[in-house]
Amino acid sequence: MRYKSTRGQVSDLSFTEAVLMGLASDGGLLLPESVPDVSEHLEAWQSLSYSELAKNIMGLYIGDIAAAELGGIIDKSYSTFTNEKVTPLNRLGETYILELFHGPTLAFKDVALQFLGNVFEHILKETKGELNIVGATSGDTGSAAIAGVRGKDNINIFIMFPEGKTSELQELQMTSVLDANVHNLAVDGSFDDCQALLKSVFSDLPFKAQYQLGAVNSVNWARILAQIVYFFSAYFQLKEEQPQTHKVDFCVPTGNFGDIFAGYLARKMGLPIDRLILATNANDILARFFKTGRYEREEVNFTHSPAMDIQVSSNFERYLYYALEGSSAKVNEFMESFANTGAASIEFNTPSFDQTFAAGSATNEQTLAAIQEIYEVHGYITDPHTAVGLHVGKTLRRTEVPIIHLSTAHPAKFDAAIKLALPEVHPVHPTLEALKGAKTRKSKLEVDEDALKHFIKKQRAPE
Ligand SMILES: *Cc1c(COP(=O)(O)O)cnc(C)c1O
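Here is a short report on the structure shown in this document. Note that this is a predicted model, so its numbers are computed, not measured.

1. Overview of a negative patch on the surface
Reasoning step 1: Together, D188, E446, D448 and D450 make up a negatively charged patch on the protein surface.
Reasoning step 2: Position of E446 among the secondary structure elements: in the loop between β15 (443–445) and α19 (449–459).

What follows is the structure, encoded as structure tokens:
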């Protein structure tokens, strides 16, 4: 499989080249040249373990890592999960919850970042190179990225997070990692400021080349690829319990459009997904887009689901490329209009507009009510991101098609929101308990590109 950019100026990359490039050098996002149809394999894949399924699916997109080597990388990546199914499907009455939080940092991003860390390690061993990973996080990406590469040779990681805007535990999950290759940067600004800083260092191509910068943000193709697998796994788990299942809906709490874009690809590959239900919090640019065709930026709202407090969705352009029928010219035009005016539209209700998606949003109150409801009915504690999905799923439910809800974090990570909804309930997890009182390390950073570059230069091992 070869990779190309949505903006049309980069093409014919191998998988490892695409992984190392992260954001495409023309400012676009990388996509596979084609999406394989796997419909004829579905029956045979039904009974595979998670790792075996991952090898089959991911192997289709990776042409330059030998199968045995890739198998080893995948086995290693999912051996760190504490549930034997890796992403178990939990049934609560008519509600299906796909628990994606059994990895080292208790959030779904581990599924992708454990894999990405091992891919980087593999590539650097082959090329004898070094890598300086720079990332921005609204909370969960940072700790999951750090967990993916901590202690690995020839890799430094620099993670920017908006100071005071992640939960205390999320910050601890990052700053308690004391490995010498891990650098936490507390930025005096918002998550969008962190993302803008990241975009600007990556767009300085000479700097990027000199310091071998790599990305782990959800724009990295390897992350999307790893996330495709659990849509298949969830479908097979549901079918195992209910063999007559045909189509399913997936409800995905969304921020950067990464997780749900993986579902979009799974659907393109032939997995019988009827609708992808996109669920946002009050930062509802994506929900508005799928209702009206207009993509319009607003101010960031701070909510109980902070990992989704995002206005400009970094993976949206990947979807746009398909929605605009693979026309890089139209993608460029749309993104330019959005950059210049804060808004852009595609014609709504034309045949090219995708009816695959249904969309809705949840207010803070509705999010807390969803946490209360599932606890009262089933005694199940859910994190606020998952609860956004539960609320939206409820409003869009149809009796004939089951909905699988993606559960993106363990509730103990977001105990402050749980406390508001359920004052008597204290979700805990031993991994998090072990962090309390741990030794930490972080550095402060202004919203300033030069300050960031200076920090990267300074921390790098001397030549
Ligand atoms: C990152 C994250 C999301 C949003 O995922 P995207 O791929 O950015 O849409 C949702 N919930 C949690 C807990 C997250 O960490």
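2. Digging into empty space enclosed by the protein
Reasoning step 1: Per the stated rule, a full pass over the model turns up two cavities of 30 Å³ or more.
Reasoning step 2: When its volume is computed, the largest cavity comes out at roughly 270 Å³.
Reasoning step 3: Forming the boundary of the largest cavity are 24 residues, of which F108, K109, G255, N256 and A307 lie nearest the centre.
Reasoning step 4: Counting residues per element, the ones that place at least two in the lining of the largest cavity are α6 (140–149), α10 (221–241) and α11 (258–268).
Reasoning step 5: When residues in the lining of the largest cavity are grouped by element, the largest group, three residues, is from α11.
Reasoning step 6: Each residue belonging to the lining of the largest cavity can be placed in one class, and the counts come to nine nonpolar, eleven polar and four charged.
Reasoning step 7: By volume, the second largest cavity is sized at about 30 Å³.

3. What to know about the sheet that holds strand β3 (residues 89–92)
Reasoning step 1: If you trace the six strands from one edge of the open sheet to the other, you get β3-β4-β14-β9-β10-β13, paired in mixed fashion. Looking at the sheet topology across the chains shown, the edges are occupied by β3 and β13 (357–361). Direction aside, the axes of adjacent strands within the sheet are offset by 25° on average.
Reasoning step 2: Packing against the sheet, α10 makes contact with β3, β4 (95–99), β9 (248–253), β10 (273–280) and β14 (403–407), and its axis sits at approximately 135° to β9.
Reasoning step 3: Packed on one face of the sheet, helix α12 (residues 285–292) meets β10 and β13 and runs near 135° to β13.

4. Topic: the packing of aromatic side chains
Reasoning step 1: Here the structure, examined in full by the defined rule, presents 34 aromatic pairs.
Reasoning step 2: Judged by centre distance (6.0 Å) and plane angle (65°), the rings of Y235 and F236 are edge-to-face.
Reasoning step 3: Using a relative accessible area of 4% as the deciding quantity, one classes F236 as buried.
Reasoning step 4: Lying over the aromatic face of Y322, K268 brings its terminal NZ or CZ to 4.6 Å of the ring centre.
Reasoning step 5: Over the ring of F207 we find K453; its NZ or CZ atom is 5.3 Å from the centre of that ring.

5. A word on the packing of helix α5 (residues 109–127) against α6
Reasoning step 1: Where α5 contacts α6, the two axes come as close as 8 Å, and the packing angle between them is 35°. Between α5 and α6 lies a crossing of right-handed hand. Side by side, α5 and α6 meet where K109, D110, L113, Q114 and G117 of the first sit next to D140, T141, A144, A145, A147, G148 and V149 of the second.

6. Comments concerning the nonpolar core
Reasoning step 1: Formed by 108 residues in total, the largest nonpolar core has its most connected members in F15, F115, F232 and F250.
Reasoning step 2: In terms of residue count, α10 provides more of this core than any other element does, 14 residues in total.
Reasoning step 3: When neighbours within four sequence positions are excluded, F250 is seen to be in contact with F231, A234, Y235, L271, I273, R275, L276, I277, I404 and L406.
Reasoning step 4: Residues M160, F207, L445 and F455 belong to the second largest nonpolar core, which totals 21 residues.

7. Here's the deal with the layout of surface pockets
Reasoning step 1: A volume near 650 Å³ is recorded for the largest pocket.
Reasoning step 2: Considering the residues around the largest pocket, the lining is formed by 25 residues, among which Q195, K199, V312, S314 and M335 are closest to the centre.
Reasoning step 3: Breaking the lining of the largest pocket down by element, the ones donating at least two residues are α8 (191–203), α13 (316–323) and α14 (328–341).
Reasoning step 4: Ranked by the residues each element gives to the lining of the largest pocket, the list is headed by α8, at seven residues.
Reasoning step 5: In terms of residue class, the lining of the largest pocket is built from 13 nonpolar, six polar and six charged.
Reasoning step 6: In this structure, the second largest pocket spans a volume of roughly 360 Å³.
Reasoning step 7: Contributing elements (two or more residues each) for the lining of the second largest pocket: α3 (50–59) and α10.

Procedures and definitions
Residues numbered from 1 in each chain as written. Predicted model: local features only at pLDDT ≥ 70, side-chain atom pairs only at ≥ 80, totals over all residues. Heavy atoms only, no water. Patch = residues over 30% accessible without salt bridge, like charges linked within 9 Å, V, L, I, M, F, W, Y side chains within 5 Å. Areas by Shrake-Rupley, 256 points an atom, 1.4 Å probe, with all protein chains shown as cover. Salt bridge = Lys/Arg side-chain N within 4 Å of Asp/Glu carboxyl O. Lys, Arg positive; Asp, Glu negative; His and termini not counted. Charge placed at Lys NZ, Arg CZ, Asp CG, Glu CD. Helix = DSSP H or I, 4+ residues; strand = E, 2+ residues; numbered from the N terminus. 1 Å grid on protein atoms, 1.4 Å probe; cavity = no way out; pocket = protein on both sides within 12 Å on 5 of 7 lines; lining within 4 Å. Points joined across faces, edges and corners; volume = space filled by probe spheres on them. Nonpolar A, V, L, I, M, F, W, Y, C, P; charged D, E, K, R; others polar. Pairing = 2+ DSSP bridges. Axes fitted to C-alpha atoms, helices over the stretch in contact; angles between N-to-C directions. Contact = heavy atoms within 4.5 Å. Phe/Tyr/Trp six-rings, centres within 6.5 Å; stacked < 30°, edge-to-face > 60°. Buried < 20%, exposed > 50% of the residue type's maximum accessible area, 1.4 Å probe, protein only. Lys NZ or Arg CZ within 6 Å of the ring centre and 35° of its normal. Left-handed = near helix turned anticlockwise from the far one by under 90°. Core = buried A, V, L, I, M, F, W, Y, C linked by side-chain atoms within 4.5 Å.

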